[in-house]
Structure formats: C-alpha cells, structure tokens
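The chain contents come next:
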Amino acid sequence: MQCPYCQHTNSRVLESRSSEGGQSIRRRRECLNCKHRFTTYERIEFVPITVIKHDGKKESFDGSKLLRGMVRACEKTGISHQRLETIVDDIEAYLQQRPQREVTTHEIGQLVLKYLREENEVAYIRFASVYGRFKGIKDFVETLDQLQEESISASVSQWSNASATDRDNASTSPCLSLTHNGSDNS
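Just so you know, these numbers come straight off a predicted model, no measurement behind them.

**Some remarks on the overall build of the protein**
Counting its secondary structure elements, the protein contains six helices and six strands. Of the regular secondary structure in the protein, the N- to C-terminal order runs β-β-β-β-β-α-α-β-α-α-α-α. Across the 186 residues that make up the protein, the buried fraction comes to 26%. With the model as given, the accessible surface of the protein reaches about 13300 Å², and the carbon-plus-sulfur share is 49%.

Here's what the structure looks like:
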C-alpha cells in the first residue's frame, strides 16, 4: 500500500477491524519510511451487472431505478419503503451471485413479481401492468384470473393437507366462508 504522505510502498498493519456492518475491513497502517499513520479500507469488488432491455440495448443494473418502479407500484398498499429496499437488495444480491453478468429485464421483472406476489396482490397487479406492458383491460382480467386461480389452488392444497379433525372443525365454524365472484345461479 502506497503511503499518502511520502509515496513509499512499504507499510505495516497496526490494527484491522470490520466496518460498515461487515461490508469492509478498516486497517490502520504505518509507513515504514516516514512513520506516518493512515487508514485504508478493503471492500468486496462487485462486478457490474448488465441489463439487456426489451429493445436490445444494454445498461448497468441500477437498484435505485428498480426501487423507484416498485415504489410507484406499491403506493397506498401498506408496504413499507424499508421492505422495498430489502427486496431490491435481495434481488441485487441474487444477481451478484449468478455466474452470468448479463440479465434481461424480463428476468428482473419475474423476480420482482415473485416478491410482490407474496407482499400484496394490488402491488403485484400494478407492477405486472407496467412490466408486462398491458395494452387493455383484457390483459388485466387475464392476470387477475391467473392470480385468483393460484390463490384457489393454494387454498385447496392447504385444505387437503389439513387433518380430518381440522377440516371437521372448520366446516362447523362460522368463520369459514368460500366466496365466488360471479353471478349466483341458485
């Protein structure tokens, strides 16, 4: 490490400690030539991730751009800004761990939808409408139908995995109600 005072290249480490929440190592050094002390930081170098857009253009991954899109989709849904930042961090960490350095906007969109599906259905639909480039109400209806089918499948799966006693107790419970969003044919 080069001394910032005399430019001599030999120094010794006096102290090392973790900093920035374990993201870097802070080292106190002493120049072997002029005896001045200075601090250096050692950080993990992240290799940039390249995003391939729909039109074929390439740009560097920008977590803040992804966060802005998610914030717009999640307005008035009750999802905290902190939670959205955590989701973006999780997505970026996942992308950093992959051996491929290029990712399509489609792949990023799918990752976001996976998280938003678990967080809030309204946010999921809003993000899907922009990400999926919905052209009309038909696109919304198809996505809503798919979301509803997935919810019903998950409910049926949970119901079939429940014990017989649980099912018997639930069938007599006034809290259990199966609703159908459509016309009543009775």
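Once the structure has been displayed, the description carries forward.
**Notes on the pairing of strand 1 (residues 11-19)**
When strand 1 meets strand 2 (residues 24-31), the two strands line up antiparallel, connected through eight bridges. By the bridge assignment, Ser-18 is partnered in strand 2 with Ile-25. If you look at the hairpin formed by strand 1 and strand 2, you'll find four residues sitting between the two strands, and Glu-20 has a positive phi there, around 55°.

**A few points about the side chain of Ser-24**
Within the fold, Ser-24 resides in strand 2. Each residue touching Ser-24, except ones within four places of it in the same chain, is listed here: Arg-17, Ser-18, Ser-19, Tyr-41, Glu-42 and Arg-43.

**Examining the packing of helix 2 (residues 81-97) against helix 3 (residues 105-119)**
Following both chains from N to C, one finds helix 2 and helix 3 inclined at 140°, their axes separated by 11 Å at the closest point. In terms of orientation, helix 2 lies oblique with respect to helix 3. Judged by the sense of rotation from one axis to the other, the crossing of helix 2 with helix 3 is right-handed. Across the interface between the two elements, Arg-83, Ile-87, Asp-90, Ile-91, Tyr-94 and Leu-95 of helix 2 pack against Ile-108, Leu-111, Val-112, Tyr-115 and Glu-119 of helix 3. For the contact of helix 2 with helix 3, the residue count by class is eight nonpolar, no polar and three charged.

**With respect to the sheet that holds strand 2**
With respect to topology, three strands assemble into an open sheet ordered 1-2-3, the strand pairing being antiparallel. The sheet is open, and its two edges are formed by strand 1 and strand 3 (37-43), each paired on a single side. Neighbouring strand axes in the sheet, compared pairwise and without regard to direction, differ in orientation by 25° on average. The pairing of strand 2 with strand 3 spans seven bridges and is antiparallel. Residue pairing across strands places Arg-26 opposite Tyr-41, the latter belonging to strand 3.

**Let's talk about helix 4 (residues 121-131)**
Looking at helix 4, one finds that the buried residues are Ala-123, Tyr-124, Ile-125, Phe-127, Ala-128, Ser-129 and Tyr-131. The backbone nitrogen of Val-122 has a side-chain oxygen 2.8 Å away, supplied by the residue at the start of helix 4, namely Asn-120.

Conventions and cut-offs
- Residues numbered from 1 in each chain as written.
- Predicted model: local features only at pLDDT ≥ 70, side-chain atom pairs only at ≥ 80, totals over all residues.
- Heavy atoms only, no water.
- Helix = DSSP H or I, 4+ residues; strand = E, 2+ residues; numbered from the N terminus.
- Buried < 20%, exposed > 50% of the residue type's maximum accessible area, 1.4 Å probe, protein only.
- Areas by Shrake-Rupley, 256 points an atom, 1.4 Å probe, with all protein chains shown as cover.
- Pairing = 2+ DSSP bridges.
- Contact = heavy atoms within 4.5 Å.
- Axes fitted to C-alpha atoms, helices over the stretch in contact; angles between N-to-C directions.
- Parallel < 35°, antiparallel > 145°, perpendicular 65-115°, else oblique.
- Left-handed = near helix turned anticlockwise from the far one by under 90°.
- Nonpolar A, V, L, I, M, F, W, Y, C, P; charged D, E, K, R; others polar.
- Polar contact = N/O pair within 3.5 Å; in protein donor to acceptor, adjacent residues only side chain to side chain.

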